[in-house]
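Architecture at a glance
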Amino acid sequence: MNRSGTLRRGVWAGLLLVLVPLTAVAVLAAAGAAGPPGPGLPDPGPVTRWGTPVARALHDAAAALTIGFLVAASVMLPHRSQERTGFGPVAAKAVLFAAAAASVWAVSGAAVVTFAYSNVAGSSPSSINGGDMVQFLTRFDLGRSLGLSAFLALIVATGCWMATRTLHAGFLTLLSLLALLPLTVTAHGASNHEAAVNLLGLHLIGVTIWTGGLAALVVLRGTLGEDFPSVAQRYSRIAGVSYLLVLVTGIAGALLRLSSASSLEGTYGILLIAKTAAALLLGAAGWYQRRRILTRLASRGTSGRTFALFAGFEILVMAFTFGLSVALGRTSPFADSAIQTAAESLLGAALPPEPGVMQWLAQWRVDVVWAPVAALLLGWYLSAVRKSGRQGLSWPIPRTAAWVLGCALLLWATNGAPAVYARLLPSMFVTGQVVVGLAVPVLFVLARPVSLAQHTLTSRPDGSMGTREWLACTARLTVTRKLVHPLPAAFLYVGFHGALYFTPLLGPVVSSNAGRITSTGAALVIGYLLSHALLSYPPSPGAVQAKLAALLTVLAFHITGGIALTTRESLIGGDWYLLVGDLWNIPVTTDQPIAGLILWGAALPPFLALALACRNPVSTSAQNPVRSATAH
């Protein structure tokens with residue numbers, strides 16, 4: 001593509017950025033939602049009232065374009081360079097577009113922070129004091145969240161300007177998605193605050209990949225040539241999953257904010273119905289494009305120009321929907337909540353009944369993050385086993401049973417009694433960590449998912465990075481090779497759990513939604529690394545000794561840590577468990593010894609299984625139909 005074509009597409013992308021804030025302003029003006037506040041409320045002035053939706057709309061559109069171009073460079077575009085890990089010419093252009101969009105994202109993020117402080121302080125942006133702004137960024141949840149998101153966007157922009165390898169694009173994609181999550185602090189007014197925050201986070205991830213990916217595909221169409229049909233098919237699969245995520249989380253989040261059908265009668269209801277209608281229209285357009293236009297494109301029955309024209313219509317509707325979303329956020333109502341007591345207000349949800357024998361199985365509270373994760377893991381594995389059967393490979397039933405049991409335990413630990421009572425009782429938090437961080441990883445490793453993936457996932461001939469290629473790339477990383485060795489994996493496991501239980505870290509972790517999600521994910525990944533290191537085939541007698549040393553190290557930590565918790569006088573988690581226990585009228589101090597017993601007692605069965613498996617590990621040599629990715 002010549003320079004004029006690049007400039008034309010850059011201008012087109014810039015017009016999309018402008019369309020979103022114009023839509024937001026027009027909708028707010030028509031709804032009268034950007035006027036002065038009511039009597040007695042501070043008025044930050046017209047600059048803030050109108051600048052806030054403009055900055056936020058520009059911010060959201062730039063974030064979507066950044067993520068769309070990065071996703072395209074990471075998993076969609078070919079990389080026909082001399083070095084497979086380097087950028088191809090189209091991917092290099094995509095990262096440059098991402099760098100420009102991320103720069104706009106960072107600048108508009110700073111503007112969003114400024115207007116947010118102006119709204120809170122009730123003063124115009126010109127009168128902002130530097131010291132007060134620092135306090136807003138450090139002491140207020142809103143300031144910390146918006147400031148962190150803008151800072152991460154700045155890192156993404158800097159990284160995009162400096163990126164030279166596909167691995168850099170993959171890392172920046174993950175970092176840009178992470179930059180969206182602090183924005184979920186705006187999920188106010190729901191009957192279940194924690195669920196609303198998680199739903200909004202998933203919604204933002206889905207909508208930015210879906211809309212930004214389509215914009216990136218249209219902008220880069222002229223440079224793809226004969227690769228365009230295959231790239232469009234890849235985007236279509238990603239878009240289908242993203243759209244389903246957007247639709248489900250959007251509807252669920254709206255229901256949490258609506259106390260009754262009468263809530264749909266106001267401005268919020270009108271905007272919600274309009275946004276839902278636009279989303280359904282986009283879904284129908286996407287279905288038509290996938291079933292008709294992409295099919296003809298693959299068979300050379302139509303040109304890429306037809307796709308571009310139809311996709312341009314979709315993008316215009318998406319931009320209009322983005323503007324509606326910004327206006328919707330400015331008019332969100334507060335749903336009636338069942339929360340009555342101080343403890344329920346602190347937890348953000350209704351209190352469960354006092355724990356008993358039946359509550360271990362009867363208490364469930366759906367986690368909108370981990371329930372889908374468990375379901376997707378189970379669905380992928382069973383689908384891969386079925387595919388391997390069609391390819392002539394008889395996958396062992398015990399491995400499938402181990403995976404199914406691991407997914408069931410993961411679901412119970414994150415949605416059942418351990419999750420329901422984790423913020424109330426130290427013993428339940430420890431139970432969840434032991435199950436997720438030790439029992440589930442052992443079962444997952446025994447199921448050999450990497451070998452199954454390597455056998456069933458197809459490789460890409462054009463140099464683009466699919467799931468198989470990213471698994472191999474991750475396995476070749478130096479940090480991965482270090483961490484799958486027994487002793488480093490054991491030290492990482494002991495360091496993580498030691499810091500969690502015997503430092504002030506537990507209080508912030510257990511009291512915050514983000515902390516619990518992070519600790520659960522970290523426990524699962526670290527436990528998997530440890531289990532993989534102990535259960536992989538030993539290449540030498542020295543490796544067997546290292547595994548036994550690592551096993552004894554972790555076992556010693558569980559025993560000594562459990563005894564320490566049992567005999568410790570001060571309560572773990574700082575003042576959190578003490579505060580909640582007083583509000584709940586349960587003597588939490590008597591529960592900590594139970595947490596200690598669980599820490600060392602519940603760890604014995606998984607460690608016994610590890611010790612037995614270390615004596616007779618499953619080989620990844622040529623006797624197996626597939627080699628582990630770490631062996632490559």
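Residues numbered from 1 in each chain as written. Predicted model: local features only at pLDDT ≥ 70, side-chain atom pairs only at ≥ 80, totals over all residues. Heavy atoms only, no water.

1. Points about the overall build of the chain
How we decide: To qualify as a helix, a DSSP run of H or I must reach at least 4 residues; to qualify as a strand, a run of E must reach at least 2; elements of each kind are numbered from the N terminus. Throughout this description, buried means an accessible area under 20% of the type-specific maximum (1.4 Å probe, protein chains only), exposed means over 50%, and partly exposed covers the range between. In these tables, accessible area is a Shrake-Rupley quantity obtained with a 1.4 Å probe, and a residue counts as shielded only by the protein chains included in the view.
Per the secondary structure count, the chain includes 26 helices and zero strands. For the chain, the residues scored as buried account for 51% of the 632 residues in total. Summed over its atoms, the accessible surface of the chain is roughly 28,100 Å², and 67% of this surface lies on carbon and sulfur atoms.

2. As for a nonpolar patch on the surface
We count it as follows: Note that patches include only residues with greater than 30% relative accessible area and no salt bridge, and the join distances are 9 Å for like charges and 5 Å for nonpolar side chains (Val, Leu, Ile, Met, Phe, Trp, Tyr). The salt bridge criterion pairs a side-chain nitrogen of Lys or Arg with a carboxyl oxygen of Asp or Glu, the two atoms within 4 Å.
Side chains of Ile559, Ile563, Leu597, Trp600 and Leu604 sit close together on the surface and give an oily, nonpolar patch of about 410 Å² of accessible area. Every element with two or more residues in the nonpolar patch is listed here: α23 (541–567) and α25 (592–601). Residue placement: Ile563 occurs in helix α23.

3. Considerations on the nonpolar core
Under the convention used in this document: The criterion is simple. A nonpolar core is a set of buried Ala, Val, Leu, Ile, Met, Phe, Trp, Tyr and Cys residues joined through side-chain atoms within 4.5 Å. The criterion used for residue contact is that any of the two residues' heavy atoms lie within 4.5 Å.
Core analysis: the largest hydrophobic core is formed by 75 residues, its most contacted members being Phe69, Leu77, Cys160, Leu180, Trp210, Leu214 and Leu217. A total of 16 residues in this core trace back to one element, the largest contributor, which is helix α3 (residues 89–121). The contact partners of Leu214, leaving out residues within four places of it in the chain, are Tyr235, Phe307, Ala311, Glu314, Ile315 and Met318. Counting residues in hydrophobic clusters, the runner-up holds 40 residues, among them Leu530, Leu551, Val580 and Ile598.

4. Re the confidence of the model for the chain
Note the cut-off: For every residue, the predictor assigns a confidence score, pLDDT, that lies between 0 and 100.
Per-residue pLDDT for the chain averages 80, and the proportion of residues at 70 or more is 78%. Predicted confidence for residues 619–632 stays below pLDDT 50, and this span has 28 contacts to residues more than four positions away or in other chains.

5. Regarding helix α18 (residues 467–476)
Among the residues making up α18, those that are buried are Glu469, Trp470, Ala472, Cys473 and Ala475. In this structure, the buried residues of α18 make contact with α2 (46–76), α6 (166–180) and α19 (478–483).

6. As for the packing of helix α16 (residues 426–446) against α25
Just so we agree on the cut-off: Lines fitted to C-alpha atoms define the axes, with helix axes restricted to the stretch in contact, and inter-axis angles between N-to-C directions lie between 0 and 180 degrees. Angles are sorted into four bins: roughly parallel if under 35 degrees, roughly antiparallel if over 145, roughly perpendicular if 65 to 115, and oblique for all others. Each helix crossing is assigned a hand: it is left-handed if the near helix lies turned anticlockwise from the far helix by less than a right angle, otherwise right-handed if that turn is clockwise. Under the grouping applied here, Gly and all other residues not named as nonpolar or charged are polar, the nonpolar ones being Ala, Val, Leu, Ile, Met, Phe, Trp, Tyr, Cys and Pro and the charged ones Asp, Glu, Lys and Arg.
As a packed pair, α16 and α25 sit with axes 7 Å apart at the nearest point and diverge in direction by 15°. Comparing their axes, α25 and α16 come out roughly parallel. The crossing of α16 and α25 is right-handed. In this structure, α16 contributes Pro426, Ser427, Val430, Thr431 and Val434 to the contact, and α25 contributes Ile594, Ala595, Ile598 and Leu599. Taken together, the residues of the contact of α16 with α25 break down into seven nonpolar, two polar and no charged.

7. So, the side chain of Ser176
Inspection of the secondary structure assignment puts Ser176 in helix α6. When neighbours within four sequence positions are excluded, Ser176 is seen to be in contact with Ile67, Leu70, Trp105 and Val156.

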